[in-house]
Amino acid sequence: MDIQSYISSGKLELFLLGELTEREREEVLDFAKRYPEIQQELDDLEETMLAFDNMTGIAPSQEVKDKIFSKLESDFIFKQAPKPTTARADTKVVAMSSAWKPFAIAASIAAIVASGVAFYYADKYDEKNIQFIALLQDQSVMAGNLNQVKQEYDQKDAQLDKFVAGDYKRVEMKGEGFNMQKDARVDVLWDQNAQVVFIAINNLNDLSDEFDYQLWAIGDDGPVGIGLVNNKVEKLTLQQMQAVAQAGAFAITIEPKGGSKAPNLEKLVVLGEVV
Amino acid sequence: MEEVQIIAGLRAKDRKTTEYLYDKYSKALYAVISRIIFDKDIAEEVFHDSFVKITKKIAHYEESKGRLYTWMANICRNSAIDKLRSKEISQSGKTNTIDDFVYGMESQSGTQEHIDGIGVKELMIELNEDQKFIVEYIYFKGYTHSEVSEEFQIPLGTVKSRVRAAIQVLKKNVARI
């Protein structure tokens, strides 16, 4: 292909003026990718057009600027410069479904005790009694199991009560529109009165070891870090984050391990506005 | 601020980034519009709507399809052309020429505008008649190249190469001034 004649065809200028058809645009982009000279010429021409526009223009009036920003005011999520946050407590994982371990141990201990009892009786009484003792043993294991299920139930019931009693607002944070992970999805559950925040991860990619996901509550005073997100937990496990009283939106960014004082907006993964 | 940072900040709806964008590009973007629309109030209205549109459409902007300024300038240019062709303006019968534009800027108060007006003249001075014609119709009257070709019966290829030649002259002058 004759790159020079392509460059001098005038196509690149029309590309920048937005006057090419979709198919022609694709062609220019494709060539620009393949031939650095074409990309360079596009960049130069864009600089020229920007410089030309700058040199031939006068600034729009202050009133227009004020009007634009008052119109956009309600859309802004990050309204002010981020305030450095001092407190940074580690995120507590609230176990919703992993409470079985202590009860399994209790059940095992019950089984051992039962075995001891069985041997004692076996010495004193007839061997036939062993059968009965074995049943007894089974029964204590089952009692242990039942106890475990009951405990689990009570715990979930208590958490459910808390949710029913609390006024939890669900804020869906999505990755659409950002570059990091388009299909990312994390929900925030926020009781504004009690200032309690939970998050539940629906879809969030793994991170390499030198990074952490950090949750931000974005209020009138700018973004405040409210804890690191543990993405190694089972899907939809609730994690309690730091208390938040006021926020217009929540967001998660990728930060260096341990979190940052202010969010790196270039690595914003998900964002959800409080409706 | 790098372009990627600006885009990321706009997508996060960050006020500071939006202000930075405004400060950096409002003059150039407003120029794109006010060249085509001579009436200051209407031009500012179109600029207002275009800028708001830019902040709202940034989520759909694809970096791989062209750079930020070009994308924004196209939004402004298209809005200005749409407005120009709406009934609201065509009834007033006003058409722009480079001379009107320069005169309009020079007659405004303030020295800054005055200097800018001289800039336009200096930028245009080396264009030959054909090139000046192209710049006038494409930049100041909001014509597309195919419209210029149709209306003035100039072959499309010729229009393209004149656009190219005119911008090359501007490029040289921009670098010189």
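The structure contained in this document is the topic of the report that follows. (Residues numbered from 1 in each chain as written. Chains lettered and ligands numbered in written order. Predicted model: local features only at pLDDT ≥ 70, side-chain atom pairs only at ≥ 80, totals over all residues.)

1. Things to note about unusual backbone geometry
Unusually for a residue other than glycine, Gln195 of chain A sits at a positive phi of about 60 degrees. Structurally, the position occupied by Gln195 of chain A is in the loop between β3 (185-191) and β4 (196-203). (Helix = DSSP H or I, 4+ residues; strand = E, 2+ residues; numbered from the N terminus.)

2. Here's the deal with the interface of chain B and chain A
The interface is formed by 54 residues belonging to chain B together with 44 residues belonging to chain A. Every element with two or more residues in the side of chain B that touches chain A is listed here: α1 (3-11), α2 (15-36), α3 (40-57), α4 (68-85), α7 (111-124) and α10 (156-176) of chain B. Residue classes in the side of chain B that touches chain A are distributed as 23 nonpolar, 15 polar and 16 charged. (Contact = placed C-beta atoms within 7 Å. Nonpolar A, V, L, I, M, F, W, Y, C, P; charged D, E, K, R; others polar.)

3. Digging into the packing of helix α8 (residues 129-140) of chain B against α10 of chain B
Residues and elements named next belong to chain B. For the pair α8 and α10, the least separation of the axes is 9 Å and the interaxial angle reads 95 degrees. In terms of their interaxial angle, α8 and α10 are classed as roughly perpendicular. Residues Asp130, Gln131, Ile134, Val135 and Ile138 of α8 form the contact with α10, whose own contacting residues are Arg162, Val163, Ala165, Ala166 and Val169. The residue makeup of the contact of α8 with α10, split by class, is 7 nonpolar, 1 polar and 2 charged. (Axes fitted to C-alpha atoms, helices over the stretch in contact; angles between N-to-C directions. Parallel < 35°, antiparallel > 145°, perpendicular 65-115°, else oblique.)

4. Remarks on the environment of Asp209 of chain A
Residue and element names in this part refer to chain A. Counting through the fold element by element, Asp209 comes out in the loop between β4 and β5 (211-219). Take Asp209: there are 6 C-beta atoms within 10 Å of it, and that puts it in the exposed class. As a C-alpha pair, Asp209 and Lys257 span 48 residues in sequence and 7.4 Å in three-dimensional space. (Buried ≥ 20, exposed ≤ 12 C-beta atoms within 10 Å, placed from the backbone.)

5. Re the environment of Leu238 of chain A
All names here are of chain A. Take Leu238: it is sitting in strand β7 (residues 238-240). With 18 C-beta atoms counted inside 10 Å, the residue Leu238 sits in the partly exposed group. Put simply, Leu238 and Val188 are 50 residues apart on the chain and 9.4 Å apart in space, counted from C-alpha to C-alpha.

6. Considering the pairing of strand β8 (residues 249-256) of chain A
Residue and element names in this part refer to chain A. Burial of β8 is extensive: 7 of the 8 residues sit out of reach of the surface. The pairing of β5 with β8 spans 8 bridges and is antiparallel. Among the inter-strand pairings, Gln214 is bridged to a residue of β8, identified as Thr253. For β8 and strand β9 (residues 268-273), the ladder comprises 5 bridges, and the chain directions are antiparallel. The partner of Ile252 across the bridge, within β9, is Val270. (Pairing = 2+ DSSP bridges.)

This is a description of form; function is not addressed.
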